[in-house]
Amino acid sequence: MLQWIFGGMMVFSLLEGMVNGSGEATVFSMLNAASEAVQTAIALTGAYAFFCGMLNIVRKAGAAEGLGKMILPALKRLFGDGLPPDALEPVTMNLTANLLGLGNAATPMGIEAARRMGKGNDTAGNALCLFLVINSSSVQLFPSSVIALRAAAGSADPARIVLPTLIATGVSTAVGIVSCKCAERMT
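Residues numbered from 1 in each chain as written. Predicted model: local features only at pLDDT ≥ 70, side-chain atom pairs only at ≥ 80, totals over all residues. Heavy atoms only, no water.

A few points about the nonpolar core
Within the largest apolar cluster, 16 residues are counted, with the highest numbers of intra-cluster contacts made by Leu75, Phe79, Leu83, Val91, Met117 and Phe131. Contributions of two or more residues to this core are made by α3 (63-79), α4 (88-99), α5 (103-117) and α6 (126-137). In this structure, Met117 is in contact with Phe79, Gly82, Leu83, Pro84, Ala87, Val91, Ala127, Leu128 and Phe131, ignoring residues within four places of it in sequence. Counting residues in each nonpolar core, the second largest holds 7 residues, with Leu55, Ala97, Ala105 and Ala106 among its members. (Core = buried A, V, L, I, M, F, W, Y, C linked by side-chain atoms within 4.5 Å. Buried < 20%, exposed > 50% of the residue type's maximum accessible area, 1.4 Å probe, protein only. Helix = DSSP H or I, 4+ residues; strand = E, 2+ residues; numbered from the N terminus. Contact = heavy atoms within 4.5 Å.)

This is the structure we're talking about:
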């Protein structure tokens, strides 16, 4: 479906440019933007590889398990009985990756955590819904992906967004948790 939307936008833009007599400039802009997208992707590859590698080292060193044990009381209080023991590691790794701003690295662990939390159920329980809200809002202590994007775009101070990002994601996560807990009490 999305490919049709983007394809339609591209065709519409090209036709609009031709009708207004700027078809050549429109085509040039489209090709230039595609070239910049490839260059940005190449520039981001190094940052993603570094942070994903660090996350893998953390996992293989057993630090994720240690972190999981450290935050287990908070997770149990937050999720209640809806957090199965076998979901603890993927939940912890997902939250850790999101804290570091590594949404791409967090996704597989988030999917695994959701699979384990929803095992044997036809509908999503309160804990799974809460996990999805926390995963979507994801407090970011260090928004590495955005910093890497800003650096690749030539920003003079790419890390300047750390505090605003922390505030925005902290507020969105708090609102999400409160909303889930309120909805949980209504059911």
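Picking up where we left off.
A word on helix α2 (residues 23-60)
With 38 residues, α2 should reach 56 Å at 1.5 Å per residue; the first-to-last C-alpha distance of 54 Å fits that figure. Buried residues in α2 make contact with α1 (2-19), α4, α5 and α7 (144-152). Just downstream of α2 lies Gly62, where phi reads positive at about 85 degrees. (Expected span 1.5 Å × (residues − 1).)

Re the packing of α2 against α7
With their axes 9 Å apart at the nearest point, α2 and α7 run at an angle of 145 degrees to one another. α2 and α7 meet at a crossing whose hand is right-handed. Packed against α2, whose contacting residues are Thr40, Ala43, Leu44, Ala47, Tyr48 and Phe51, the element α7 presents Ser144, Ser145, Ala148, Leu149 and Ala152 at the interface. Across the contact of α2 with α7, the residue classes break down as 8 nonpolar, 3 polar and no charged. (Axes fitted to C-alpha atoms, helices over the stretch in contact; angles between N-to-C directions. Left-handed = near helix turned anticlockwise from the far one by under 90°. Nonpolar A, V, L, I, M, F, W, Y, C, P; charged D, E, K, R; others polar.)

Thoughts on a nonpolar patch on the surface
The grouping of Leu99, Leu100, Leu141, Phe142, Leu163, Leu166, Ile167, Val171 and Val175 at the surface amounts to a nonpolar patch, some 750 Å² of accessible area in total. Looking at the nonpolar patch, the element that brings in the most residues is helix α8 (residues 162-186), giving 5 residues. Here Phe142 is to be found in the loop between α6 and α7. When its relative accessible area of 33% is taken as the criterion, Phe142 is described as partly exposed. (Patch = residues over 30% accessible without salt bridge, like charges linked within 9 Å, V, L, I, M, F, W, Y side chains within 5 Å. Areas by Shrake-Rupley, 256 points an atom, 1.4 Å probe, with all protein chains shown as cover. Salt bridge = Lys/Arg side-chain N within 4 Å of Asp/Glu carboxyl O.)

Focus: the packing of α6 against α8
Between α6 and α8, whose axes approach to 9 Å, the crossing angle comes to 165 degrees. As far as their axial angle goes, α8 and α6 are roughly antiparallel. Two packed elements cross with a definite hand, and for α6 against α8 that hand is right-handed. Facing Asn126, Cys129, Leu130, Val133, Ile134 and Ser137 of α6, the residues of α8 in contact are Thr169, Ser172, Thr173, Gly176, Ile177, Cys180, Lys181 and Glu184. Of the residues that constitute the contact of α6 with α8, the class distribution is 6 nonpolar, 6 polar and 2 charged. (Parallel < 35°, antiparallel > 145°, perpendicular 65-115°, else oblique.)

Observations regarding the confidence of the model for the chain
Scored by pLDDT, the chain has a mean of 85; 98% of the residues are at 70 or more. Element-level mean pLDDT values for the chain span from 78 in α3 up to 93 in α8. (pLDDT = per-residue confidence, 0-100.)

Quick look at the side chain of Asn94
Along the chain, Asn94 turns up in helix α4. The residues contacting Asn94, other than those within four sequence positions of it, are Ala106, Met109, Gly110, Phe131 and Asn135.

Describing the pattern of salt bridges
What the rule picks out here adds up to 4 salt bridges. Asp86 is paired through a salt bridge with Lys119; the nearest N and O atoms lie 3.1 Å apart. Highlighted residues: Asp86 in the loop between α3 and α4 and Lys119 in the loop between α5 and α6, separated in sequence by 33 residues. Classification of Lys119 by relative accessible area gives exposed; the value is 52%. Between Arg115 and Glu112 there is a salt bridge, and its shortest N-O distance comes to 2.4 Å. One end of the pair is Arg115 and the other is Glu112, both in helix α5 and 3 residues apart, which spans about a single turn. For Glu112, a relative accessible area of 22% translates into the label partly exposed. A single network of salt bridges, built from pairs that share partners, joins Glu112, Arg115 and Arg116.

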